[in-house]
Amino acid sequence: MEERPRLLDGALVERQQSDAMIKSNISHRIRDAVDAKFEEQISTTKDFVAIPSTRGAEGPCQDMIGDLLRRRGYEVDDWYIDTDDLKDLPGYGPIEHDFSRARTVVGTYRPTHDRGRSLILQGHCDVVPAGPLDMWETPPFMPLVKDGWLYGRGAGDMKSGTIAALYALDALKAAGLRPTARIHFQSVIEEESTGVGALSTLQRGYRADCCFIPEPTDGKLIRSQVGVIWFRLKVRGRPAHVAHAGSGSNAIKAAYHLIQALEGLEAEWNERAKKDRWFKTLEHPINFNPGIIKGGEWASSVPAWCDVDCRISILPGWSVAECQAEILTCIKKAAKTHPFLAQSPPQVVWSGFLSDGFELTGAEESEAVLRKAYSEAYGGDLPDDAIFTGLTDTRFYGLNHGIQSLCFGAKAEQMHSFNERVELDSLRKVTQTIALFVADWCGLEEV
């Protein structure tokens, strides 16, 4: 005889309903707390964006973050980065500029009762150069709110995300709650060129069960991202008076010969990418970019030198060292077909990123928490994962240290371009999502 299913005890049902009501109430309290301070959050973000924290000039931003953390009672660790401590670590990229003032700032929250899962919340404060100012509709470092968007260099990438994480923690406190796990709030630099800011936190010993980076992802979770290699072509020519140009060798023209060869390598790598689990869905995931060119000294002289700074991406699982070797082989082969470079080969200098690609795996636990938080903040299911043809600092934590590493953030447009902007409504929802994620991941107790 088949046993009939047992009915739940009435008291148990009542308790489950009560627990559900408590959780729902807490969710509403947290979201309301975010909304109540959102105008203040935008004001703080504008102050942050107003600081022109390009490479080598990030100090004032780190001062601001340190002050914000101290005012909130966090334990602040503010240190100068020593590249000698980092250069032998996986993912290190060479530094060429003055790095004597480079700093990392970490604020640590330690719970009264430690019984949850620990968390790293990280943002980078470095921004790329603004370019010609007359090509911006509004000055890049005079942030402006217009039609539901915040404009300014770094507004999207990613100062608004950093401040959102800070105000997400504020919302928990304002709601009368406090996390029951250790939290490290990390402000790093060099995300746009080497990643050594994030690397410095790991060298310093900071670890957690999960790392959450609120880069602008348009409300999607980054599933797979490329790695990046930076290199410089140093081409030498033979100077001559332009009246006798044929007796010299134009280094700038020779550099274009190499660029065309590297475009061929880009095409080969894009063919290879068609076999990748994730990137096969994209038409052109591998991008080669000659980003800076300098050469010559006089318009009426055949230029004797030309330097070209280049960037090319690689996919997860591709070896950085093997890809470097392919780049060198490509350049060497191209030089042999050039009448001057065959006798005077160019030099290649590795000038920044030497970064692996990263695919998010083994993060089912944190992903489930994110999906739940997203549902409560957005009122729907988390969209399909994003495939990113750029890179983020998540690679250091997930690839090299086995830390569940999520990248999720607001909707932003024109990053690295003119009129960069972040959508405010998406930023509000992201702030709610981060706060709800912290609540579930770290656990809460009433103050």
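Now for a quick tour of the structure.

Overall, mixed pairing links the three strands, which are arranged β14-β9-β15 in an open sheet. Only two strands of the sheet have a single partner each, and these edge strands are β14 (358–359) and β15 (386–388). In this structure, strand β9 (residues 222–225) lies alongside β14, joined through two bridges in antiparallel fashion. Its bridge partner lying in β14, Gln225 is registered against Phe358.

Moving on, we come to the nonpolar core. Ranked by internal contacts, the top residues of the largest apolar core, which has 85 residues, are Leu119, Leu121, Phe212, Ile434, Phe437 and Val438. The next biggest cluster of nonpolar side chains, apart from the first, holds 37 residues, and it includes Ile259, Leu262, Leu315 and Phe340.

Take Ser249: it is sitting in the loop between β10 (227–236) and α6 (251–273). Classification of Ser249 by relative accessible area gives buried; the value is 8%. Residues Ser249 and Pro139, 110 residues apart in the sequence, show an inter-C-alpha distance of 42 Å. Residue contacts for Ser249: discarding those within four places in its chain leaves Gly237, Arg238, Val302, Pro303, His338 and Phe340.

Time to look at the packing of helix α5 (residues 196–204) against helix α9 (residues 394–401). Helix-helix packing is characterised by the crossing angle of the two axes and by the distance between the axes. Packing of α5 against α9 brings their axes to within 9 Å, and their N-to-C directions diverge by 45°. Taken together, the axes of α5 and α9 lie oblique to each other. Where α5 abuts α9, its residues Ala198, Leu199, Thr201 and Leu202 lie against Phe396, Tyr397 and His401. For the contact of α5 with α9, a count of residues per class yields five nonpolar, two polar and no charged.

Helix α3 (residues 59–71) packs onto helix α2 (residues 38–49) with a crossing angle of 150° between their chain directions and a minimal axis gap of 10 Å. With respect to α3, the element α2 is oriented roughly antiparallel. Residue-level contacts link Thr44, Asp47 and Phe48 of α2 to Cys61, Met64, Ile65 and Leu68 of α3.

Trans is the prevailing form of peptide bonds, just as negative phi is the prevailing case for residues other than glycine. Here Asp157 and Met158 are connected by a cis peptide whose omega angle stands at -10°. Looking at where Met158 falls in the secondary structure, it is placed in helix α4 (residues 155–174). Of note in this structure, Asp218 is not a glycine but carries a positive phi near 60°. Within the secondary structure, Asp218 sits in the loop between β8 (210–213) and β9.

Right, let's get into the environment of Glu271. Relative to the helices and strands, Glu271 resides in helix α6. Residue Glu271 is classed as partly exposed on the basis of its relative accessible area of 48%. For the pair Glu271 and Pro179, spaced 92 residues apart in sequence, the C-alpha separation works out to 48 Å. A polar contact of 2.8 Å, which involves the side chain of Glu271, links it to the side chain of Lys274.

Let us look at the packing of aromatic side chains. As enumerated under the stated definition, the model contains eleven aromatic pairs in all. For the ring pair Phe212 and Phe408, a centre distance of 6.4 Å and an interplane angle of 85° mean the geometry is edge-to-face. Of the two residues, Phe212 sits in strand β8 while Phe408 sits in the loop between β16 (404–407) and β17 (412–413), which places them 196 residues apart along the sequence. Its relative accessible area of 0% is what places Phe212 among the buried residues. Considering the side-chain rings of Phe437 and Trp441, the 5.9 Å spacing of their centres and the 10° angle between planes classify their relative orientation as stacked. Here Trp441 and Phe437 lie together in helix α10 (residues 424–442), a separation of four residues that amounts to about one turn. Each member of the pair, Phe437 together with Trp441, is buried. Put simply, the rings of Phe212, Tyr374, Tyr378, Phe408, Phe437 and Trp441 pair up and form one aromatic cluster. Between Arg117 and the ring centre of Trp441, over which it is positioned, the NZ or CZ distance is 4.1 Å. The positively charged end of Arg272 is found above the aromatic ring belonging to Trp318, 5.2 Å away from the centroid.

Here is what the cut-offs are and how they apply
- Residues numbered from 1 in each chain as written.
- Predicted model: local features only at pLDDT ≥ 70, side-chain atom pairs only at ≥ 80, totals over all residues.
- Heavy atoms only, no water.
- Pairing = 2+ DSSP bridges.
- Helix = DSSP H or I, 4+ residues; strand = E, 2+ residues; numbered from the N terminus.
- Core = buried A, V, L, I, M, F, W, Y, C linked by side-chain atoms within 4.5 Å.
- Buried < 20%, exposed > 50% of the residue type's maximum accessible area, 1.4 Å probe, protein only.
- Contact = heavy atoms within 4.5 Å.
- Axes fitted to C-alpha atoms, helices over the stretch in contact; angles between N-to-C directions.
- Parallel < 35°, antiparallel > 145°, perpendicular 65-115°, else oblique.
- Nonpolar A, V, L, I, M, F, W, Y, C, P; charged D, E, K, R; others polar.
- Polar contact = N/O pair within 3.5 Å; in protein donor to acceptor, adjacent residues only side chain to side chain.
- Phe/Tyr/Trp six-rings, centres within 6.5 Å; stacked < 30°, edge-to-face > 60°.
- Lys NZ or Arg CZ within 6 Å of the ring centre and 35° of its normal.

These figures come from the coordinates and say nothing about function on their own.
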